[in-house]
Amino acid sequence: MITASVQQLVNSLWVGIGCQKGISDQLIDIAIERTFQTYQLAYTDLAGIASIDIKASELGVREFCRIHNLPLKTFTAEVLAGVSVPNPGKIITETVGTPSVAEAAAILAASHNTSAVSLLVPKQIFRLPGEVGAVTIAVAGCRV
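Quick caveat, the model's predicted, so the values are computed rather than measured. Each chain has its residues counted from 1, running along the sequence as written. In view of the model being predicted, local features appear only for residues whose pLDDT reaches at least 70, and side-chain atom pairs are presented and counted only at 80 or more, with totals across whole chains, interfaces and linings using the full set of residues. Side-chain measures here rest on the full set of heavy atoms in the structure, leaving out hydrogens and waters.

### A closer look at the side chain of K55
We count it as follows: Elements are defined by DSSP. Helices are runs of H or I of four residues or more, strands are runs of E of two residues or more, and each kind is numbered from the N terminus. Categorising residues by exposure relies on relative accessible area from a 1.4 Å probe, with only protein chains included: less than 20% of the type maximum marks a residue as buried, more than 50% marks it as exposed, and the intermediate range marks it as partly exposed. In this tally, Asp and Glu contribute negative charge and Lys and Arg positive charge; neither His nor the terminal groups of the chain are included. Salt bridge, as applied in this entry: a Lys or Arg side-chain nitrogen positioned within 4 Å of an Asp or Glu carboxyl oxygen. Two residues qualify as a contact provided that any one of their heavy atoms is within 4.5 Å of a heavy atom in the partner residue.
Within the secondary structure, K55 is located in the loop between β2 (46–52) and α3 (59–67). It turns out K55 is buried and unbridged, and the closest side chain with the opposite charge, E58, is 4.1 Å from it. Not counting the four nearest positions on each side in its chain, K55 is found in contact with C19, Q20, K21 and V61.

Okay, structure coming up:
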């Protein structure tokens, strides 16, 4: 039983999401699918989605979590701002008060279960022709 618990912690991947208003759950789905393929991550290891608290009511994010039965963890800008990330952004700081949403949220969500967390995928920005807005994702967790 202890081995199963340790294995569960090791394979938990959290996707941090930053997005423009009005994005679709399909854009999130495509962004995560492409990122997991590119970085050779197992979709079955996806533990949940994390973001800034002001995105908790974003329809695309909520719908994606509902469809895939995933939890959504949110953090305040102040908490996110306390996380050291490799790709801080000046514009995002001016917009929401933190230099990182996707990377910081992924790291914070993954570190809830273990202290051995690393950013496995730095922020990736996705847009689709004909779709409203853009989504930025990052992935944090542990690798065996």
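### What about the sheet that holds strand β3 (residues 72–75)?
The criterion, for reference: Pairing between strands is defined by DSSP: at least two bridges between them are needed. In this description, a line fitted to the C-alpha atoms serves as the axis of each element, helices being fitted only across the stretch in contact, and the angle between N-to-C directions of two axes falls anywhere from 0 to 180 degrees.
Across the sheet, five strands lie side by side as β3-β2-β1-β5-β4; this open sheet has mixed pairing. Looking at strand neighbours, the two that pair on one side only are β3 and β4 (118–126), the edges of this open sheet. The mean inter-strand angle of the sheet, taken between neighbouring strand axes irrespective of direction, is 25°. In this structure, strand β1 (residues 13–19) lies alongside β2, joined through four bridges in parallel fashion. Each bridged residue has a counterpart across the sheet, and for V15 the counterpart in β2 is I49. With respect to the sheet, helix α6 (residues 102–111) is in contact with β1, β2, β3, β4 and β5 (135–141), its orientation differing from that of β5 by roughly 30°.

### Focus on the packing of aromatic side chains
Short version of the rule: In this scheme Phe, Tyr and Trp rings, the latter by its six-membered ring, pair at centre separations within 6.5 Å, and the angle between planes marks the pair as stacked below 30 degrees, edge-to-face above 60, and tilted otherwise. When the NZ atom of lysine or the CZ atom of arginine is within 6 Å of a ring's centre and also within 35 degrees of its normal, the charge is said to sit over that ring.
For the coordinates displayed, the defined rule picks out one aromatic pair. The ring of W14 carries the charged tip of K73 above its face, separated from the ring centre by 4.5 Å.

### Focus on α3
This is how the line gets drawn: It is the directions from the helix axis to the C-beta atoms that the arc portrays.
Among the residues of α3, those classed as buried are G60, V61, F64 and C65. Around the axis of α3, the buried residues are gathered within 130° of arc, so they sit on the same side. Residues of α3 that are exposed and angled more than 90 degrees away from the buried face: L59 and R66. Contacts made by the buried residues of α3 are with β1, α2 (25–38), β2 and β3. Positive backbone phi, at 55°, marks N69, one or two positions downstream of α3.

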